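Inside the fold
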Amino acid sequence: EKGGYEHFMAKEIMEQPKAFRDTIFPRIQQGRVVLDDLQIGREELEGLDKLYIIACGSSYHVGVAAKYTLERLLRKPVEVTLASEFRYCEPIVTERTMALVISQSGETIDTLAAMREAKRLGARVLSIVNVVGSTIARESDDVLYTWAGPEIAVATTKAYSTQLALIYLIGLYFADLLGTISREEYGRIVDELLLIPTKLEQILENRKDIQYFASIYFNHPSVFFIGRNIDYAVGLEGSLKLKEISYIHSEAYAAGELKHGTISLIEPGTLVVALAGYSQLFEKTMSNVVEVKSRGADVLGLTVASKAEDMAKTTDHTIVIPDTHPMLLPSLEVVPMQLFAYYVALQRGCDIDKPRNLAKSVTVE
Ligand code: M6R
């Protein structure tokens, strides 16, 4: 049942190229995104004044990445809120709000309750769900399924990846309806999207490199993930993966925010994982890498092939991923982060598929 792998998590990490393909390919026809299951039309979309993303845990992290992506594509405000906070913050939701609800299980109680509240306030609900026929899927106005297949490991991997994949499709589809994207840019993104599964395969083939980095760093007591923009969004997920299954304390920080407090925690022996795939901000993030290096941190960097040489001048080790359209970077960056957490947890002898105190689906508030 584990397909020859030691853990479900390893199997599910390896399934990501297929899961991504299954989620994306049937919905791209002749270079166009086709979302037949969506009922929303151009006029209603134009009338929306806000998108409100509601989710928990890793699904929330997809939401953080989605905010950058969707605001850029749609030029509409996108708010992202943890479902457990949503009901208690007097959310500004009207009939002109679209609630985008993200959940692998479709049963997370906080997310479900927040979704019901958004509906009550008049929002139209579009959900991204993996489990077919789950409560969130049934109660949404529209649902798009992530065809990831069953996910068993408590730590999500392929569900995260396919949720992101759907964000790209939604972004392209809506941007096209709204006229906020040029034909050329649309075509460029679609072309790159179709290449992601192959690039994921390349990253997975090189997993031994990540295993080697894990063997160096598995005993570090404290890890910081830093990055800017979508690199920061992936840092949040990398940090959660690590603490969830390896029990190492870690935090994700927007790289520019370090000097406002956290840098006081950097000392010799602290591991900093620096994500700098987003080329536009590469130099900025690298300036923060220099700051932590000069305070004695060990730095494991991650960037795209075209920046690898540059990065390696400053970092101790560098994870290299293929170049892609900047918007799609999180899909490639997250995989080495999942592998790193997995191999660190393996070295530490942790119960990877069932980490302590955690359940796959959180059905209590
Ligand atoms: O099923 P959901 O996507 O609604 O679950 C949300 C979180 O409970 C979930 O992502 C959790 O954070 C994972 N264990 C992270 O790996």
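Starting afresh in each chain, residues are numbered from 1 along the sequence in its written order. Only residues with pLDDT of 70 or above have their local features reported here, since the model is predicted, and side-chain atom pairs are shown and tallied only from 80 upward, although totals for entire chains, interfaces and linings are computed over all residues. Each side-chain value is derived from all of the structure's non-hydrogen atoms; neither hydrogens nor water enter the calculation.

This brings us to the site of the ligand. What surrounds the ligand is a group of 14 residues, the closest being Ser59, Ser103, Gln104, Thr108 and Glu244. N or O atoms within 3.5 Å of each other form a polar contact, as long as, within protein, one can give a hydrogen and the other can take it, and as long as residues adjacent in sequence are counted only when both atoms are side-chain atoms. Interatomic distance of 2.6 Å between a side-chain N/O atom of Ser103 and an oxygen atom of the ligand. In the environment of the ligand, an oxygen atom lies 3.0 Å from a nitrogen or oxygen atom belonging to the side chain of Lys241. Secondary-structure elements contributing two or more residues to the shell around the ligand are helix H4 (57–74) and helix H11 (230–246). For the shell around the ligand, the per-class residue count stands at four nonpolar, eight polar and two charged. A molecule or strand has a residue near it when one of that residue's heavy atoms lies within 4 Å. Strands here are runs of E lasting at least two residues and helices are runs of H or I lasting at least four, both read from the DSSP assignment and numbered beginning at the N terminus. When residue character is reported, Ala, Val, Leu, Ile, Met, Phe, Trp, Tyr, Cys and Pro are called nonpolar, Asp, Glu, Lys and Arg charged, and the others, Gly included, polar.

Only when DSSP finds a minimum of two bridges between them are two strands counted as paired. With parallel pairing, the five strands of this open sheet are ordered in space as S9-S8-S10-S11-S12. Each having just a single partner strand, strand S9 (249–254) and strand S12 (317–321) make up the two edges of the open sheet. The mean inter-strand angle of the sheet, taken between neighbouring strand axes irrespective of direction, is 15 degrees. As paired elements, strand S8 (residues 222–227) and strand S10 (residues 271–275) share four bridges and run parallel to each other. Its bridge partner being in S10, Val223 is matched across the sheet by Leu271. Whether two residues are in contact is decided by their heavy atoms: any pair within 4.5 Å suffices. Fitted lines through C-alpha atoms give the axes, limited to the stretch in contact for helices. The angle between two N-to-C directions lies from 0 to 180 degrees. Contacts between helix H10 (residues 207–217) and the sheet are confined to S10, strand S11 (298–304) and S12, with S12 contributing the most and set at about 155 degrees to the helix. Strand contacts of H11: S8, S9 and S10, with the helix running at about 175 degrees to S9, the strand carrying the most contacts.

The next point concerns the environment of Leu70. Relative to the assigned elements, Leu70 resides in helix H4. The spatial distance from the C-alpha of Leu70 to the C-alpha of Asn206 is 31 Å, given a sequence separation of 136 residues.

So, about the layout of surface pockets. Looking at the largest pocket, its volume works out to about 520 Å³. Definitions used for this entry: grid spacing 1 Å over protein atoms alone; cavity, a set of points where a 1.4 Å probe fits but cannot get out; pocket, an open set with protein on both sides within 12 Å along at least 5 of 7 lines; lining residue, one with an atom within 4 Å of a point. Around the largest pocket, the lining is made up of 23 residues, and of these Cys56, Gly57, Ser58, Lys360 and Val362 lie nearest the centre. Those elements that place two or more of their residues in the lining of the largest pocket are H4, strand S5 (97–103), helix H6 (109–120) and H11. Across the lining of the largest pocket, the residue classes tally to eight nonpolar, ten polar and five charged. Grid points are joined across faces, edges and corners, and a volume is the space filled by probe spheres set on the points.

A positive phi angle, close to 50 degrees, is found at Gln30, a residue other than glycine. Within the fold, Gln30 resides in the loop between strand S1 (28–29) and strand S2 (32–33). For the exposure calls, accessible area comes from a 1.4 Å probe over protein chains only, and a residue counts as buried if that area is under 20% of its type's maximum, exposed if over 50%, partly exposed in between. Under the relative-accessibility criterion, Gln30 is labelled exposed at 82%.

Before going further, it helps to examine the pairing of S10. Among the five residues of S10, five are classified as buried, and the element is accordingly described as predominantly covered. Side-chain alternation along S10 places Leu271, Val273 and Leu275 on one buried face and Val272 and Ala274 on a second face that is also buried. Here S10 pairs with S11 via five bridges, running parallel. Following the sheet pairing, Val273 is matched in S11 by Leu300. With its strands directed away from the observer, a crossover is right-handed exactly when the path from the first strand over the helix to the second travels clockwise. You can see the chain leave S10, run along helix H12 (residues 282–294) and come back into S11, and the turn it takes is right-handed.

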